[in-house]
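So you can see what is in the structure, the chains are spelled out below.
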Amino acid sequence: MTSAAEKKLNLERASNFMRQYRDPQSRELKKLSANQFMEVWSHYDKDGNGYIEGTELDGFLREFVSSANAENVSPEAVSDAMLVELKQCFMEAYDDNQDGKIDIRELAQLLPMEENFLLLFRFDNPLESSVEFMKIWREYDTDGSGYIEADELKNFLRDLLKEAKKINDVSEDKLIEYTDTMLQVFDANKDGRLQLSEMAKLLPVKENFLCRQVFKDGIEGATKLTKDDIERVFSLYDRDNNGTIENEELRGFLKDLLELVKKDYDAQDLHDFEDTILQGVDYNQDGKINKKELTMILLALAKHNQEEESSA
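The model shown is predicted, which means the values in this text are computed figures rather than measured ones.

Further remarks concern the environment of alanine 150. Mapping alanine 150 onto the fold places it in helix α8 (residues 150–165). C-alpha of alanine 150 to C-alpha of glycine 192: the two residues are 42 residues apart in sequence and 7.1 Å apart in space. Apart from residues lying up to four places away in sequence, alanine 150 is in contact with Thr179, Leu183 and Gly192.

The following block contains the structure:
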């Protein structure tokens, strides 16, 4: 038999999902565990595209605000005019990249969560470039499978928390819960492991330099592409300053290049792409890219972008 209290809770959950996470007396939001945070995320990201946007965002904001009332008012109590104002204030505060929607990191800032789990979303220093990303990838893909499996992800999260907290106080059970939650969030194709493009969302890079305007201006961009631009790109990837882009440096550069044409990609895609690019420009066949070879790639990129735009 369902008790009256359970019935009341089920009714509240049905009418306002956020209400169950508030303290009944103070109406403050309670600290959410990794699983509870995931429940909230999944409930509002109804189409599972990794964002709370449009009508999903409207629904979340109405319920978030009305759940703070002591009386169980319906989310419809928030008028359309109020919603417009509310959304503007809310997005100014939490929409860091100003894309008009909320991603999982932005939601993590808004909801109170267990401190350790919250730390996983707080990369105070995003990676400088994809070269660092590829080094981390190689370090944690210990079996060289081209994927970060659950146990490898758990090791990565453990080290990340150690680094953030400088102490080791996360239980194995909690780590397993965090790993499961992170897989639920970032494993877009649901194969139980992270491919390159999925890990790239978990571990963001400050900027894909190849997305800059100078590479988007086609032929005009190619003529605008200065020696300084090429020097800057070269030094961004030639981290050891030895005059060539090689190994993780090369894979970091190719990852950024691949990201411009493919949203979902894995280690095999990167490997195939590396073969194609090197066949096209690596005239001395040393498996590395020098400044002259990089210049050819960047000019081809600018030209390709213009052809894309003119055929669009």
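Let us now look at the UniProt feature "domain: EF-hand" (unreviewed entry) in the chain. UniProt annotation of "domain: EF-hand" (unreviewed entry) refers to residues 32–67, 81–117, 128–163, 174–209 and 225–260 when read in the numbering used here. With 69% helix and 6% strand, residues 128–163 has end C-alpha atoms that lie 17 Å from one another.

Another aspect to go through is the pattern of salt bridges. Under the criterion given, the structure shown has 18 salt bridges. Across the pair lysine 255 and aspartate 256 runs a salt bridge, and its minimum N-O distance is 3.9 Å. Residue classification places lysine 255 among the buried residues on the basis of a relative accessible area of 2%. Within this structure, Arg138, Glu248, Arg251 and Glu274 form a network of salt bridges that share partners.

To continue, consider the packing of helix α3 (residues 54–66) against helix α4 (residues 80–94). Packed helices, taken two at a time, are described by the angle between their axes plus the distance between the axes. Their axes nearest at 10 Å, the elements α3 and α4 cross at an angle of 95 degrees. Considered as vectors, α3 and α4 are oriented roughly perpendicular to each other. When α3 is examined against α4, the residues Leu57, Asp58, Phe60, Leu61, Arg62 and Val65 are found in contact with a partner set consisting of Asp80, Leu83, Leu86, Lys87, Phe90 and Met91.

Here arginine 27, not a glycine, exhibits a phi torsion of approximately 65 degrees, which is positive. Within the secondary structure, arginine 27 is located in the loop between α1 (4–15) and α2 (34–44). Despite not being glycine, glutamine 285 has its phi angle at roughly 50 degrees, a positive value. Tracing the chain through its elements places glutamine 285 in the loop between α14 (267–281) and α15 (291–311).

Reading the values: the criteria
Residues numbered from 1 in each chain as written. Predicted model: local features only at pLDDT ≥ 70, side-chain atom pairs only at ≥ 80, totals over all residues. Heavy atoms only, no water. Helix = DSSP H or I, 4+ residues; strand = E, 2+ residues; numbered from the N terminus. Contact = heavy atoms within 4.5 Å. UniProt positions renumbered as here; feature names shortened; annotations may be inferred. Salt bridge = Lys/Arg side-chain N within 4 Å of Asp/Glu carboxyl O. Buried < 20%, exposed > 50% of the residue type's maximum accessible area, 1.4 Å probe, protein only. Axes fitted to C-alpha atoms, helices over the stretch in contact; angles between N-to-C directions. Parallel < 35°, antiparallel > 145°, perpendicular 65-115°, else oblique.

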